[in-house]
Amino acid sequence: MQPHLKLHDGTQFPAFGLGTWKSKPNEVYTAVRVALEAGYIHLDCAAIYQNEDEVGKAIADAIKAGDTSREKIWVTSKLWNDSHEAQHVESALQKTLSDLGLEYLDLYLIHWPVAFKHGVTFPRSREEFLTLEEAPLEKTWEAMAELKAKGLTRQIGVSNMGPERIDLLSGVGETPAVNQVESHPYLPQTELLTYCQSKGIQLTAYSPLGSPDRQTRKSDEPSLLEHPTIKEIAEKHGVGTGDVLIAWALGRGTSVIPKSVTDSRIRSNLKATELKLDADDMGAISNFGKSYRYIDGTFFAGPNSPYTADGIWA
Ligand SMILES: NC(=O)C1=CN([C@@H]2O[C@H](COP(=O)(O)OP(=O)(O)OC[C@H]3O[C@@H](n4cnc5c(N)ncnc54)[C@H](OP(=O)(O)O)[C@@H]3O)[C@@H](O)[C@H]2O)C=CC1
Ligand SMILES: CC(C)=CCC/C(C)=C/CC/C(C)=C/C=O
């Protein structure tokens, strides 16, 4: 039995899933087939990953092959920033459902607290953004609640949000089921985790391995997979460093969604859900004494944007 976390309405949420950002259209099909055949029950998707049609084909073929069923799997997707205005929210979800070949999602998240004009994939000028005054997150949240009421998604949640924004949304509607944020030993998000747990919100850790395949990777950024403490603990347990990072995330009560398109890693990452770290391991990993955010939000900030990188995580 894979680890699960309880959502605020009692629903069991599979705590381990497959990330699909950067999984190329010609490789994500096989990755999802391998994952579902190996026993994955949770897929993390998003419209902006531009591969949901291929993920959907893999889900359909896996069901046809008898590897899984719709009821057994948990599929998350995310509303992109150009569809925050209430009139665009349902059509964005319908496109995702059509691409994924599904009748409903298990979880739909507001991807970022940043808004673009409708049809803008990535803004090139100030005019292509909308401010949060022009596209209030509360209105988007109300539209998300309507999707749930219509049965198009079983749960709704947020991503890349701090307590201030979560409180704002909870004040106009239901509390988000999940907040998906970057989290790993360099960015443990301890305060945010405590806050989320106090509200019954589950925290999903994205980029748990340090997202080393990003195009925007900096040459001097620290490596989690090569960190000496992680290596030492991996050697002690006779596993890989990725396994230790996955077990650490699960051990502190978050869900975790490592991405891989490599057959052996897809399988070993799933096996890592069985690895139990002891208190010394957990303590050593939680005391890195260094902070680093890989997904720093600068792609939405700067002189041509109404947003600042620091303001995103309020
Ligand atoms: N809500 C949001 O804004 C965001 C959500 N996400 C979600 O989180 C997921 C995971 O984060 P992501 O940024 O992709 O990065 P990860 O931290 O999951 O790292 C992925 C990289 O690690 C490699 N890898 C996978 N497993 C292992 C292993 N066991 N040992 C060594 N290397 C390994 C992969 O290689 P290979 O594929 O070649 O095997 C890939 O290069 C995303 O795919 C996406 O679904 C991510 C960022 C933002
Ligand atoms: C414009 C395209 C095709 C991709 C952009 C991907 C990107 C840099 C998104 C920024 C937000 C992000 C890191 C999302 C991850 O979930």
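Numbering of residues starts from 1 in each chain and follows the order in which that chain's sequence is written. Starting at A for chains and at 1 for ligands, labels are handed out in the order in which the entities are written. The predicted origin of the model limits local features to residues at a pLDDT of at least 70 and limits the giving and counting of side-chain atom pairs to 80 or more, whereas totals for whole chains, interfaces and linings rest on all residues. To obtain the side-chain values, all non-hydrogen atoms of the structure were included, while hydrogens and water were left out.

### With respect to the packing of helix H3 (residues 86-100) against helix H4 (residues 137-149)
Item 1. Each axis is a line fitted through C-alpha atoms, and for a helix only the stretch in contact is used; angles between axes span 0 to 180 degrees, taken between their N-to-C directions. The numbering of helices and of strands both runs from the N terminus, where a helix is a DSSP run of H or I of at least 4 residues and a strand a run of E of at least 2. Between H3 and H4, the least distance of the axes is 9 Å, while the angle of their chain directions is 40°. In this view, H3 runs oblique relative to H4, as classed from their interaxial angle. H3 and H4 meet at a crossing whose hand is right-handed. Between H3 and H4, the contacting residues are Ala 86, Val 89, Glu 90 and Leu 93 on the first element and Lys 139, Thr 140, Ala 143, Met 144 and Leu 147 on the second. Under this scheme an angle from 65 to 115 degrees is roughly perpendicular, one under 35 degrees roughly parallel, and one over 145 degrees roughly antiparallel; angles in between are oblique. Left-handed describes a crossing in which the near helix is turned anticlockwise from the far one by less than a right angle; the clockwise case is right-handed. Note on contacts: a residue pair qualifies if any of its non-hydrogen atoms lie within 4.5 Å across the two residues.

### Things to note about the confidence of the model for the protein chain
Item 1. Residue-level confidence of the predictor, termed pLDDT, takes values from 0 up to 100. Summarising the model, the protein chain shows a mean pLDDT of 97, and 100% of its residues fall at 70 or more.
Item 2. Complex prediction metrics read pTM 0.98 and ipTM 0.98.

### Quick look at the UniProt feature "site: Lowers pKa of active site Tyr" (unreviewed entry) in the protein chain
Item 1. UniProt positions are given in the numbering used here, feature names are shortened, and annotations may be inferred rather than shown by experiment. According to UniProt, the "site: Lowers pKa of active site Tyr" (unreviewed entry) feature falls on Lys 78.
Item 2. With respect to the helices and strands, the residue Lys 78 is situated in strand E5 (residues 74-79).
Item 3. Relative accessibility decides the category of a residue: with a 1.4 Å probe and only protein chains considered, values under 20% of the type maximum give buried, values over 50% give exposed, and everything between is partly exposed. Accessibility expressed as a relative area gives 0% for Lys 78, which makes it buried.
Item 4. Those residues in contact with Lys 78 that sit more than four places away from it in its chain are Asp 44, Cys 45, Ala 46, Ala 47, Tyr 49, Tyr 108, Leu 109, His 111 and Gln 180.
Item 5. A 3.5 Å cut-off defines polar contacts: any pair of N or O atoms within that distance qualifies, except that in protein one atom must be a possible hydrogen donor and the other a possible acceptor, and neighbouring residues in sequence count only when both atoms are side-chain atoms. Within the structure, the side chain of Lys 78 is placed 2.7 Å from the side chain of Asp 44, a separation counted as a polar contact.

### As for the nonpolar core
Item 1. Among the nonpolar cores identified, the biggest contains 99 residues, and Val 32, Ile 59, Trp 112, Met 144 and Leu 277 are the most heavily contacted of them.
Item 2. Once residues lying within four places of it in the same chain are set aside, the contact partners of Val 32 are Leu 18, Leu 43, Val 55, Ala 58 and Ile 59. In plain words, nonpolar cores are sets of buried Ala, Val, Leu, Ile, Met, Phe, Trp, Tyr and Cys residues tied together by side-chain atoms within 4.5 Å.

### Digging into unusual backbone geometry
Item 1. Look at Asn 160: it is not a glycine, yet its phi comes out positive at around 60°.
Item 2. Assignment of secondary structure puts Asn 160 in the loop between strand E9 (153-159) and helix H5 (163-172).
Item 3. On the accessibility criterion, Asn 160 (1% relative accessible area) is buried.
Item 4. In this structure, Ser 207 is a non-glycine residue whose phi angle is positive, near 50°.
Item 5. Its place among the elements puts Ser 207 in the loop between strand E11 (202-206) and helix H7 (228-237).

### What to know about the packing of aromatic side chains
Two aromatic rings, taken as a pair, are described by how far apart their centres are and by the angle between their planes.
Item 1. Centre distance within 6.5 Å is the pairing criterion for rings of Phe, Tyr and Trp, where only the six-membered ring of Trp is used; planes under 30 degrees apart are then read as stacked, over 60 as edge-to-face, and the remainder as tilted. Considering all chains together, one arrives at 18 aromatic pairs under this definition.
Item 2. Measuring from ring centre to ring centre gives 5.7 Å for Phe 122 and Phe 300, while their planes differ by 25°; the resulting arrangement is stacked. In this pair, Phe 122 is assigned in the loop between strand E7 (115-116) and strand E8 (129-130) and Phe 300 in the loop between helix H10 (279-286) and helix H11 (309-312), connecting sequence segments 178 residues apart.
Item 3. Following the ring pairs from residue to residue traces out a cluster consisting of Trp 80, Trp 112, Phe 116, Phe 122, Phe 129, Phe 299, Phe 300, Tyr 307 and Trp 313.
Item 4. When the ring centre of Tyr 104 is taken as origin, the NZ or CZ atom of Arg 154, which lies over that ring, is 4.0 Å away.
Item 5. Criterion for a charge above a ring: Arg CZ or Lys NZ at most 6 Å from the ring centre, at most 35 degrees from the ring normal. The ring of Trp 313 has Arg 293 lying over it, and the distance from NZ or CZ to the ring centre is 3.8 Å.

### Notes on the site of ligand 1
Item 1. Working definition: residue near molecule or strand if any one of its non-hydrogen atoms lies within 4 Å of it. Taken together, 30 residues surround ligand 1, and among them Asp 44, Ser 211, Lys 259, Ser 260 and Thr 262 come closest.
Item 2. Taking Val 261, its main chain carries an N or O atom lying 2.9 Å from an oxygen atom of ligand 1.
Item 3. Contact distances for ligand 1 include 2.6 Å between an oxygen atom and a side-chain N or O atom of Thr 262.
Item 4. Within the complex, 91% of the 920 Å² of free accessible area of ligand 1 lies under protein.
Item 5. Residue composition of the shell around ligand 1, by class: 11 nonpolar, 13 polar and 6 charged. Only the protein chains shown count as cover for residues, and all accessible areas are computed by the Shrake-Rupley method using a 1.4 Å probe. Basically, the charged four are Asp, Glu, Lys and Arg, the nonpolar ten are Ala, Val, Leu, Ile, Met, Phe, Trp, Tyr, Cys and Pro, and anything else, Gly included, counts as polar.

### Observations regarding the site of ligand 2
Item 1. The environment of ligand 2 is formed by Trp 21, Tyr 49, Gln 50, His 111, Trp 112, Thr 121, Phe 122, Ile 295, Phe 299 and Phe 300.
Item 2. A distance of 2.6 Å is found between an oxygen atom of ligand 2 and a side-chain nitrogen or oxygen belonging to Tyr 49.
Item 3. In this structure, His 111 approaches ligand 2 through a side-chain N or O atom, which is 2.8 Å from an oxygen atom.
Item 4. Coverage of ligand 2 by the protein chains reaches 76% of its 470 Å² of free accessible surface.
Item 5. Taken together, the residues of the shell around ligand 2 break down into 7 nonpolar, 3 polar and no charged.

### Some details on the UniProt feature "domain: NADP-dependent oxidoreductase" (unreviewed entry) in the protein chain
Item 1. With numbering aligned to this structure, UniProt lists the feature "domain: NADP-dependent oxidoreductase" (unreviewed entry) at residues 17-286.
Item 2. Span residues 17-286 is 40% helix and 15% strand, its end C-alpha atoms 22 Å apart.

### Some remarks on the side chain of Arg 252
Item 1. Looking at the element boundaries, Arg 252 is found in the loop between helix H8 (241-251) and strand E12 (255-256).
Item 2. Buried charge Arg 252 goes without a salt bridge, the closest partner of opposite sign being Glu 191 at 11 Å.
Item 3. If sequence neighbours within four positions are ignored, Arg 252 has contacts with Ser 183, Pro 188, Thr 190, Leu 193, Gln 197 and Met 282. For the charge count, each Lys or Arg is scored as positive and each Asp or Glu as negative, with His and the chain ends excluded. Salt bridge, as used here: a side-chain nitrogen of Lys or Arg that lies within 4 Å of a carboxyl oxygen of Asp or Glu.

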